Amino acid sequence: MSALEFVNVSKSFGDVNALNNFTIALEQGELVSLLGPSGCGKTTALRIAAGFETSDTGSILLGSTNIISLPAHQRRMGMVFQSYSLFPHLNIRDNVAFGLKVRGVPGDVRKKRAGEMLDLVRLSDLGHRMPHQISGGQQQRVALARALATEPHVLLLDEPLSALDAKIRVEVRDEIRRLNRDLGVTTMFVTHDQDEAMSISDRICVMNNGVIEQIGSPRDVYNNPATSFVAHFVGSINSLPRGNTRVLIRPENLVLATHGEIAQWRGAVTDITFVGAFTKISVVLDNDKSSVSVLAISSQIDHNIAIGKNIGINEEIR
Amino acid sequence: MKFVAKIWPRLYIAIAIVFFVAPLLSMARFAFQRIPVISLGKDNLFKRWTIDGLLTTLRDPEFLHSLSVSLKVAFFTVLVLLFLMVPTTLWVHLSAPRWRGVVETVTILPYVVPPIALVVGVSGTYRSIAPWFLASNYSLVPFYAILAMPFTFRSLDVGIKALDLRTLVDAAKSLGASSLRVMWNVLLPNLRTSLINAAFLTITVVLGEFTIASLLLKRTLPMYMAQAQGSEPQGALGLGLLILVLTTILFTLVSIIRKKDSKSINVKNINVGMVP
Amino acid sequence: MALTGISSLGQSDPKGGSHTRTPLQRFQLPVKFKPIGLIPFFGFVGLFLVWPAISLFRLAIQPTKNSDISAMREAITGDYLDSFIYTIKLSLLTALLGVLLGSLLAASVLRIERPRWFRNFMTSFAGVAANLGGIPLAFAFIAALGTQGLITKMIDYFGINLSDAGFRISNFAGITIVYLYFQIPLMFLIMVPAFNGLRASWSEAAASLGAAPWQYWRYVGLPLLTPALLGGFLLLFSNAFSAYATAYALSSGGARLVPVQIRFFLQGNTITGKDNLGYALAAWMIIIMLITMTGYLFVRRRAEKWQQ
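Residues numbered from 1 in each chain as written. Chains lettered and ligands numbered in written order. Predicted model: local features only at pLDDT ≥ 70, side-chain atom pairs only at ≥ 80, totals over all residues. Heavy atoms only, no water.

**A closer look at the overall build of chain A**
Inference 1: When helices and strands are tallied, chain A shows eight helices and 17 strands.
Inference 2: Overall, chain A is about 80 × 45 × 35 Å in size when its C-alpha atoms are taken along their principal axes.
Inference 3: Relative to its 318 residues, chain A shows a buried fraction of 49%.
Inference 4: Of the contacts made within chain A by residues no fewer than 6 positions apart, 63% connect residues no fewer than 24 positions apart.
Inference 5: As displayed, chain A offers around 14700 Å² of accessible surface, 49% of which is attributable to carbon and sulfur atoms.
Inference 6: Between the averaged position of the 32 positive side-chain charges in chain A and that of its 33 negative side-chain charges there is a distance of 5 Å. (Helix = DSSP H or I, 4+ residues; strand = E, 2+ residues; numbered from the N terminus. Buried < 20%, exposed > 50% of the residue type's maximum accessible area, 1.4 Å probe, protein only. Contact = heavy atoms within 4.5 Å. Areas by Shrake-Rupley, 256 points an atom, 1.4 Å probe, with all protein chains shown as cover. Lys, Arg positive; Asp, Glu negative; His and termini not counted. Charge placed at Lys NZ, Arg CZ, Asp CG, Glu CD.)

As structure tokens, then:
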């Protein structure tokens, strides 16, 4: 039995099919990302699970119960929003304790539990501050603590990292992963950022135009994309001519031909970008003028390579 | 439940609209129908409607005089306000940001001194010191500027906050523009909406103000209306309606201009003149 | 504070031109004393608002020729005290009703999503109605609810005689109804942005935490609206308290409202014997407004803290 299951959930707004026969099952304790461009239906799916949006058809199973007709406040799903959405008039502790308060948990128990939750996200010192007095990253960790305080069946995260700075983003991302593992809470994570999805998920569900393109582990989705959309959306990819067709090869799976070696493709170097351990070399192919990038290990690059030089490219043999 | 939740807002709005429209319709009937209420019935409901009363009033030289007084006072009030408040607000934002709170609080002072109290104080002071000042119609100008100060400051303040003034001034200066040129060619065009907004509100306030004008015995438009109520009631009510319609048009124009570069409004920048 | 940000731009000039004043610095720092540019503003307010207002108090506490007690004391005794109580009661009632009915109207209008123009229309109309006071408003209500009014006549047709029921457009109930005509729209204009300021994600967050709709309103919605409600109440109170023209035109100068009472002591050019009393009544009005507006500023400053 799955922890959370969408069965044939469909939703349209006017003429737009936001979600089409969406079916996925989350195992207990699993972290699944819904990944796709904006408007792909990922947020709609999350909001239907939370009860903020009604679905046209289909059911949502929590364990073995269908909760599709249950109002949002009876679903016991913790939700974290992109905009943090802490209650601005309550201090941090009262924010975290809010879910317990509306459930009628007595004051001292509430206080103790809120303290524990703040310990969990390592913000125990900030209990008396107001939301506007702490940073965005701290606010989002408080939002996590608030959502988890009521021990929800499922944790729903709606682009929780999008409003944060790059460095804080990684911190909060790791925090989410840690909480998911430590507490064993089933988590659904909506994002448009493939790096985020790759680094955090047990499984990724890639979506486009309201339809699931592929569900699989990050490795699976990256190495064996089921569709051209997945190949292009997850990681970067080159499209190269081979005979009458084209092949899709990731930049790191291309190698520069050594001197005298027969090259499958030849082209002129247009740009060389050093990114630490790797160097990205942009090439325009001679035969069809398509742009290709090669990700080569910096230490193995021939020093003679320069912009304008003609070089050979081969597919890496594995 | 769902049905009730859907119905009650509509029902309530309908009742509210009746409350707000009924007095205006009654006013229109009185102004434009020459039948006393007592003898009004089903058969003569649509008879004897005429705008003669209003036309008579509009041709009245006294009316024309009061209109010209009110328009002149409105014009100079807007002028005084702009020359006073635009430099003040810009100065606060550019040179003395610490004084912003003080200036803001001072601009709320006109709410603390009701017009009736202000006019009593004015005659208690200026009448003995500068009687020539109170004798002129234009003595209304500074006091009307005071009445319009709260929303004028707010409108400019919000407009300037939205501008990122410093970057704008920096950019203009780095291109070699002089202070005056920055003011004229960069700041004023960008504050257009705020300025028009404040000016229109000021005009409505001036055209409707009665308290100060009546106690200083100035023959402005509202004073004319109050007096015509006795001599030519139909014309006075017709005139009242006409002014109402014109005010509505002014307000709609303001809101259209405001929509054009719409910003979110909050409690801090509501523009309401409080002079009923 | 803000200045350092700007002038540092001039100083960071890599060519070492920091000794010559850049045009920017000339514009920024013409003088050492920053508030100098505010002198015209403070001078204007001082001359045309503060001086007359303060003079009121000076005139009110001057010894009176033909009375033993000071005018300030006399202005809050007997009939004058009744006038103040009457005016405050009217202002409180119309403010309370205005807060209630105006907030309801805002909530109702915001619920209606189509047609799109409806919301804008209501906001424009409220803008007009909130500013509509004085003579035209009094005219409209006399034409509707006066003894010869159209609505009076219509109600009479159904067998209810307003006049016999003790209703007059110039008595307490009458003035209350007339004042609501500008109080409700004013509150509407205050509450529309306040309701819009409630983020959808707050109610969703509350729901996901298990709060039923009433619990959301009790613990989140209402506390967040409190500054607007309270501030609105104080604004509405001061609005009604200082209103003069409407009351004057409604009752042709006979009402018991303080503003209309003040007029008796200042009939145009002629100063009556007890003109100190007029000053004292006005002074007391300012004191009451000072308390009200201080409360308003306090509420707003507090709200601004977490509204940023």
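And the narrative resumes.
**Side note on the interface of chain B and chain C**
Inference 1: Counting residues at the interface gives 99 residues for chain B, matched by 101 residues for chain C.
Inference 2: For the chain B and chain C pair, buried surface summed over both sides reaches about 9000 Å², with 76% attributable to carbon and sulfur atoms.
Inference 3: The interface formed by chain B and chain C holds two salt bridges in total.
Inference 4: Between E104 of chain B and R300 of chain C there is a salt bridge; the shortest N-O distance is 2.8 Å.
Inference 5: Viewed at the interface, chain C and chain B are joined by six residue pairs in polar contact (both at pLDDT 80 or more).
Inference 6: With 16 residues, the single largest contributor to the side of chain B that touches chain C is helix α1 (residues 2-32) of chain B. (Buried area = accessible area lost by both parts, 1.4 Å probe. Salt bridge = Lys/Arg side-chain N within 4 Å of Asp/Glu carboxyl O. Polar contact = N/O pair within 3.5 Å; in protein donor to acceptor, adjacent residues only side chain to side chain.)

**Some remarks on the domain arrangement of chain B**
One frequent convention defines the size of an interface as the accessible area lost when the parts assemble.
All names here are of chain B.
Inference 1: Along its sequence, chain B is carved into domain 1 (1-50) and domain 2 (51-269).
Inference 2: Inter-centroid distance (C-alpha atoms) of domain 1 to domain 2 is 33 Å.
Inference 3: Contact residues are listed per partner, giving nine residues for domain 1 and 11 residues for domain 2.
Inference 4: Summing both partners gives a buried area of about 980 Å² for domain 1 against domain 2, and 66% of it is carried by carbon and sulfur.
Inference 5: Summed over the shared surface of domain 1 and domain 2, the result is zero salt bridges. (Domains from an automatic or database assignment.)

**With respect to the interface of chain A and chain C**
Inference 1: Contacts between chain A and chain C engage 22 residues on the former and 20 residues on the latter.
Inference 2: Counting each side, the surface lost to burial between chain A and chain C is near 2000 Å², with a carbon and sulfur contribution of 67%.
Inference 3: Considering only the side of chain A, the residues that lose the most area to chain C are H73, H89 and V102 of chain A, jointly responsible for 29% of the buried surface there.
Inference 4: Linking chain A to chain C there are one salt bridge.
Inference 5: Between E204 of chain C and R47 of chain A there is a salt bridge, with its nearest N and O atoms 2.6 Å apart.
Inference 6: Applying the counting rule to chain A against chain C returns six residue pairs in polar contact (both at pLDDT 80 or more).
Inference 7: When contributions to the side of chain A that touches chain C are tallied by element, the ones reaching two or more residues are β6 (77-80), α2 (92-102) and α4 (136-148) of chain A.
Inference 8: At four residues, α2 of chain A tops the list of elements feeding residues into the side of chain A that touches chain C.
Inference 9: Across the side of chain A that touches chain C, the residue classes tally to 11 nonpolar, seven polar and four charged. (Nonpolar A, V, L, I, M, F, W, Y, C, P; charged D, E, K, R; others polar.)

**Examining the pattern of salt bridges**
Inference 1: In this structure the tally under the stated criterion is 22 salt bridges over all chains.
Inference 2: Linking R242 of chain A and E315 of chain A is a salt bridge whose minimum nitrogen-to-oxygen distance equals 2.7 Å. With a gap of 73 residues between them, R242 of chain A in strand β11 (residues 238-242) and E315 of chain A in strand β17 (residues 310-315) connect regions that are remote in the sequence.
Inference 3: For E104 of chain B, the salt bridge goes to R100 of chain B, with nearest N and O atoms at 3.9 Å. Of the two residues, E104 of chain B and R100 of chain B both sit in helix α4 (residues 100-112), four residues apart, roughly one turn of that helix.
Inference 4: Among the charged side chains, a network of salt bridges with common partners joins R100, E104, D157 and K161 of chain B together with R300 and R301 of chain C.

**Digging into the nonpolar core**
Inference 1: Of all hydrophobic cores here, the largest spans 216 residues; its most connected members are F6 and F22 of chain A.
Inference 2: With 16 residues, helix α9 (residues 172-196) of chain C is the largest single contributor of residues to this core.
Inference 3: Those residues within four positions of F22 of chain A in sequence are excluded, and the remaining contacts are F6, V7, N8, V9, L34, A45, C205, M207 and I212 of chain A.
Inference 4: Formed by 31 residues, the second largest nonpolar core is a distinct cluster that contains V121, L126, L161 and I200 of chain A. (Core = buried A, V, L, I, M, F, W, Y, C linked by side-chain atoms within 4.5 Å.)

**Things to note about the side chain of S33 of chain A**
All names here are of chain A.
Inference 1: One can find S33 in strand β3 (residues 31-35).
Inference 2: The class for S33 is buried, based on a relative accessible area of 0%.
Inference 3: Separated by 2.4 Å, the side chains of S33 and S201 make a polar contact.

**Observations regarding unusual backbone geometry**
Inference 1: Even without glycine at this site, Y84 of chain A takes up a positive phi of about 65°.
Inference 2: Position of Y84 of chain A relative to the elements: it lies in the loop between β6 and α2.

**Points about the arrangement of the chains**
Inference 1: By contact count, the dominant pairing among the two pairs of chains in contact is that of chains B and C.
Inference 2: Regarding chain A and chain B, the two do not touch, and the least distance separating their C-alpha atoms is 14 Å.

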